[in-house]
Amino acid sequence: MAASGFEGFEKRLELHFSGDEPAAVRMGLRRIDFESLERVLHEVQCTVVSAVGNAHLDAYVLSESSLFVYPTKIVIKTCGTTQLLKSVRPLVAHARDLGLTLCLCRYTRGSFIFPLAQPFPHTSFPEEVAYLEGCLPTNVCSRKASIMRSHMAASHSWHVFTACDPDLVTDKGPAPEDFYTVEMCMTELDRGRAQKFFMRPGDGKTGDSAGKEMTALTGIGEINPGALICDFAFDPCGYSMNGIDGDRYSTIHVTPEEGFSYASYECVGSVYDDGDDIARMLRKVAWVFRPGAMSVSVTSGSSQVWTRVANALEPLGLKRRSCATDQFPEAGTVVFQSFTARRV
Ligand SMILES: C[S@+](CC[C@H](N)C(=O)[O-])C[C@H]1O[C@@H](n2cnc3c(N)ncnc32)[C@H](O)[C@@H]1O
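What counts, and at which threshold
Chains are numbered independently. Their residues run from 1 in the order of the written sequence. Reporting in this predicted model follows two pLDDT cut-offs: at least 70 for local features of residues, and 80 or more for side-chain atom pairs to be given and counted; totals over whole chains, interfaces and linings ignore these cut-offs and use all residues. In DSSP terms, a helix is any run of H or I states spanning at least four residues, a strand is any run of E spanning at least two, and both are numbered starting from the N terminus. Buried residues are those with 20 or more other C-beta atoms within 10 Å of their own C-beta, exposed residues have 12 or fewer, and partly exposed residues lie in between; C-beta atoms are placed from the backbone. Put plainly, near means the residue's C-beta atom, positioned from the backbone, lies within 6 Å of the molecule or strand in question. All residues other than Ala, Val, Leu, Ile, Met, Phe, Trp, Tyr, Cys, Pro, Asp, Glu, Lys and Arg, Gly among them, are scored as polar; the first ten of these are nonpolar and the last four charged. UniProt positions are given in the numbering used here, feature names are shortened, and annotations may be inferred rather than shown by experiment. For the purpose of contact definition, each residue receives a C-beta atom placed from its backbone, and two residues are in contact when these atoms lie within 7 Å. Note on pairing: DSSP must find at least two bridges between two strands before they are called paired. Axis lines are fitted to C-alpha atoms, over the contacting stretch for helices. Their N-to-C directions set the angle, which ranges from 0 to 180 degrees.

Once that is clear, we can look at the environment of W287. Checked against the element boundaries, W287 lands in helix α8 (residues 275–289). With 15 C-beta atoms packed within 10 Å, W287 lands in the partly exposed category. Put simply, W287 and R193 are 94 residues apart on the chain and 9.4 Å apart in space, counted from C-alpha to C-alpha.

Near the ligand lie 20 residues; those nearest to it are G8, C79, G238, H253 and T255. Breaking the shell around the ligand down by element, the ones donating at least two residues are β12 (248–255) and β13 (262–270). Partitioning the shell around the ligand into residue classes produces eight nonpolar, nine polar and three charged.

A separate point is the UniProt feature "modified residue: Pyruvic acid (Ser)" (unreviewed entry) in the protein chain. This chain's UniProt record puts "modified residue: Pyruvic acid (Ser)" (unreviewed entry) on S65. By secondary structure assignment, the location of S65 is in strand β4 (residues 65–69). Setting aside residues no more than four positions away along its own chain, S65 makes contact with E10, K77, T78, C79, S240 and H253.

Attention now moves to the UniProt feature "binding site: substrate" (unreviewed entry) in the protein chain. Under the local residue numbering, the UniProt record ascribes the feature "binding site: substrate" (unreviewed entry) to F6, E64, F234 and E257. Along the chain, E64 falls in the loop between β3 (58–62) and β4. What E64 contacts, discounting residues up to four positions off in sequence, is C46, T78, C79, G80 and T82. With respect to the helices and strands, E257 occurs in the loop between β12 and β13. If sequence neighbours within four positions are ignored, E257 has contacts with G5, F6 and C237.

This brings us to the sheet that holds strand β9 (residues 179–187). Two pairing modes exist for strands in a sheet, parallel and antiparallel, and in both the strands are linked by backbone hydrogen bonds. Pairing is antiparallel across the open sheet formed by eight strands, whose spatial order is β10-β11-β12-β13-β9-β14-β16-β15. In this open sheet, the two edge strands, each paired with only one partner strand, are β10 (228–233) and β15 (318–328). Ignoring strand direction, the axes of neighbouring strands in this sheet form an average angle of 10°. Where β9 and β13 come together, nine bridges link them in antiparallel fashion. Residue Y180 lies in a different strand from β13, and its bridge partner there is G269.

In this structure, the amide linkage connecting F120 to the following residue, P121, adopts the cis form with an omega of 5°. You can see P121 is positioned in the loop between β6 (101–109) and α4 (125–135). We note that E330 has phi near 65°; this positive angle belongs to a residue other than glycine. Tracing the backbone through its elements, the reader meets E330 in the loop between β15 and β16 (332–341). Look at E330 and you get buried, because 21 C-beta atoms sit within 10 Å.

This is the structure in structure tokens:
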């Protein structure tokens, strides 16, 4: 970290599994014991700092972002110089031991602010794809890698790799057209807002208690007041939270340092939700951080959700600069939009 700052942009991996035995899928991946999860995270170079769970999923705040474990799905998101893709082989092996077969893999990330600081296998997208392909079982044979450009600057591209087992995804996997994932990446955070994510020296607060205070003082707690929140503040600065609400999660991570400030927001939803909910949440997130630039990626089987993004953000003075769409076999459609704050 000497020659650069903290890399806020996360790498994100989503793995879906299927199984023939009802007993295997009932608790599924949630039966992986904590020590085994810690060993996987050790490979990735991060640790668990806080955890919460409900009837549907377990959510972990990590030293570098978050991990969500459902019975047949894992989402792991890590930032900094972590080696996220090193988790693929051990996670697939643990799932196999539980009678579960990989049916869908999604890997996404933005453009790193400090690409030269990234270690193998994250030194370039082609290298990440080559490494990932080497880790995946042969049944996930329907594969595609794509870099979606924003036409703004090379620094705002969206990297997507998907791999599916066409038989398992359509037979037993999730119906991708019903669900969507929104990934928001924000840079050039408003200075005053970013300042709220620094701990105050000598106030005696722990990571947990300072995290709770930040959730309340910044307005993050109001984004989805119904969610159970697990939050953590880093010393001297930085913040992470996971929110769980039934079978949905949301997550926020903040790197507030001037010069490379960054915040991300991610949530999952269903096309059957009230369409205004997602618009309201996106507006609240933009209000919490007031970023100078932002990208929003929507992964969905239906084409309608992404239109709500621009409709929600443009009234706040965020002008849409680009919109790119790409389709991934059996893994849905990705719409990548970028915005900048209107300068007055
Ligand atoms: C883990 S958090 C949030 C990560 C998220 N991807 C982001 O950048 O928004 C990163 C912030 O916490 C700070 N931080 C302080 N101690 C840290 C630690 N031990 N591990 C990771 N980040 C730490 C970093 O400097 C940075 O501001």
